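Summary of structural features
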Amino acid sequence: MTTETRSCDVVIVGAGAAGIGFGVTLRHLEFDNFVILDREAVGASFLRWPRQMRFITPSFNSNQFGTLDLNAVCLDTSPAYSLGVEHPTGREYAKYLEGVSSYFELPVMTGTDVLSVEKNTLPYRFRLKTSRGDFLARFVVWAGGEMQYPKINGLPGAEHCLHNSKVKSWKDLNGAERCIIGGGESGIDAAIELANADHRVIVFDREEPWNETGSDPSRLLSPFTHLRLQKALNSERVALYGNCTVKSVNRNDRNYQLTLDDGAVVDCAEQPILASGFVGSASLIESLFTWRDDGFPVLTENDESEKTKGLFLIGPQVCQDDLIFCFIYKFRQRFAVVANQIAKHLRLDTEPLEWYRQNGMYLEDLSCCGDACAC
């Protein structure tokens, strides 16, 4: 392990969709003095997906008509074109990210675990301690994502459950029946794939996300998931129990037991699946952010930490007021906003970012965002 200290204008933490996409944005500004750090590999979170899991947003190569592929992380690329699939698997999408990184010759350092981010004296505001030595940075762009950090606290007995992110393939699980705690996207996806593998599945959720309506896809099941769910329901292998909170999970010599909020106890022969979502990686540097009551970091209008100047957040944890930028096609629109701020401080030419504005990749005015759908 090296103890060398390197100095960079910008350190990007995370080589997933956000980190790679933002790296390309810096390349378009002809900016070179930056590095992208990742503890594992490019697209590592996607490589962890169960083999059957696919993107709920469709990829379509529509660039020649002036519309960017929904799952592209940068201009002039398309997962649909490079992969030849509409709903990529995690492995396929990681391959796309690797291709983007290679084509734009991004300075990615994999196998580099960021151990801490500390405030430093000017001109380098930050010192990042890593498994491969220290980095000094004028700006830190946190792109750690969230899917590497499953949410397993808060439910008594959660240690008896199997978090859905720990499953490599739903076909590997034994048993005829499974209980799933959580009916959001990940829980319903698990139910569908288990049903496809001939399991009987019961899904419990404190609400009824499968019946929710509205126009914000961040808060609803996707049409892709709804269609597959209907097929699973028709097979009579999936049962949905809404408005039903699992209060605890226990295990005895014979089976697992779920205690519900009405006092009822449900016996589960096999280990329950916990589809409780994820804790965002920004929690690893919790002290550098002020936090909202709903768990999102407080950011300026330019996605900079309200508490720590020079620290920017990109990716699915970005939230402005009640607007959640959790999908790729949403959070990629903020790359240019962050890049513009950094470029101004470093006195770089920001003219290339006009290309982003012309292609719907530079979302500054959030007043145009909302839940307005006529039909």
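A brief structural summary. Note that the coordinates shown come from a computational prediction; the quantities given were computed from them, not determined experimentally.

Description of the overall build of the protein
Helix and strand counts for the protein come out as nine helices and 17 strands. Overall, the protein is about 65 × 50 × 35 Å in size when its C-alpha atoms are taken along their principal axes. Counting every position in the protein, which comprises 375 residues, the buried fraction comes to 53%. Considering only contacts within the protein whose residues lie at least 6 apart along the sequence, 62% involve residues at least 24 apart. If you sum the accessible surface of the protein, you get close to 18,000 Å²; carbon and sulfur atoms cover 46% of it. For the protein, the separation between the mean place of its 37 positive charges and that of its 49 negative charges on side chains is 5 Å.

A look at the environment of Lys129
With respect to the helices and strands, Lys129 occurs in strand 5 (residues 126–130). Given the relative accessible area of 30%, Lys129 is considered partly exposed. Between the C-alpha atoms of Lys129 and Asp261, which are 132 residues apart in sequence, the distance is 45 Å. Sequence-distant contacts of Lys129, that is, excluding residues within four places in its chain, are made with Asp113, Val114, Leu115, Ser116, Glu118 and Asp134. One polar contact links Lys129 to Asp134, side chain to side chain, over a distance of 3.4 Å.

Considerations on the nonpolar core
Counting residues in hydrophobic clusters, the biggest one holds 74 residues, and the most contacted among them are Phe22 and Leu128. The leading source of residues in this core is helix 8 (residues 335–345), at seven residues. Those residues in contact with Phe22 that sit more than four places away from it in its chain are Ile12, Val141, Ile314, Phe335, Val338, Ala339 and Ile342. Judged by nonpolar contacts, the second largest core, of 20 residues, contains Leu162, Ile192, Ala232 and Ile273.

Considerations on the state of the cysteines
By definition, a disulfide links two cysteine residues through a covalent bond between their sulfur atoms. Scanning all chains against the criterion turns up one disulfide. Note on Cys161: no disulfide assigned, nearest cysteine sulfur contributed by Cys268 at a separation of 8.7 Å. Take Cys161: its relative accessible area is 10%, and that puts it in the buried class.

As for the sheet that holds strand 10 (residues 238–241)
Taken together, the five strands give an open sheet; going across it, the order is 7-14-8-9-10, and neighbouring strands pair in parallel fashion. Edge positions in the sheet fall to strand 7 (162–163) and strand 10, since each of these pairs with one other strand and no more. Of the pairings in the sheet, the one linking strand 7 to strand 14 (residues 273–274) comprises two bridges and is parallel in character. Among the inter-strand pairings, His163 is bridged to a residue of strand 14, identified as Leu274.

The rules behind each value
- Residues numbered from 1 in each chain as written.
- Predicted model: local features only at pLDDT ≥ 70, side-chain atom pairs only at ≥ 80, totals over all residues.
- Heavy atoms only, no water.
- Helix = DSSP H or I, 4+ residues; strand = E, 2+ residues; numbered from the N terminus.
- Buried < 20%, exposed > 50% of the residue type's maximum accessible area, 1.4 Å probe, protein only.
- Contact = heavy atoms within 4.5 Å.
- Areas by Shrake-Rupley, 256 points an atom, 1.4 Å probe, with all protein chains shown as cover.
- Lys, Arg positive; Asp, Glu negative; His and termini not counted.
- Charge placed at Lys NZ, Arg CZ, Asp CG, Glu CD.
- Polar contact = N/O pair within 3.5 Å; in protein donor to acceptor, adjacent residues only side chain to side chain.
- Core = buried A, V, L, I, M, F, W, Y, C linked by side-chain atoms within 4.5 Å.
- Disulfide = S-S within 2.5 Å.
- Pairing = 2+ DSSP bridges.

The quantities given are spatial measurements derived from coordinates; they are silent on function.
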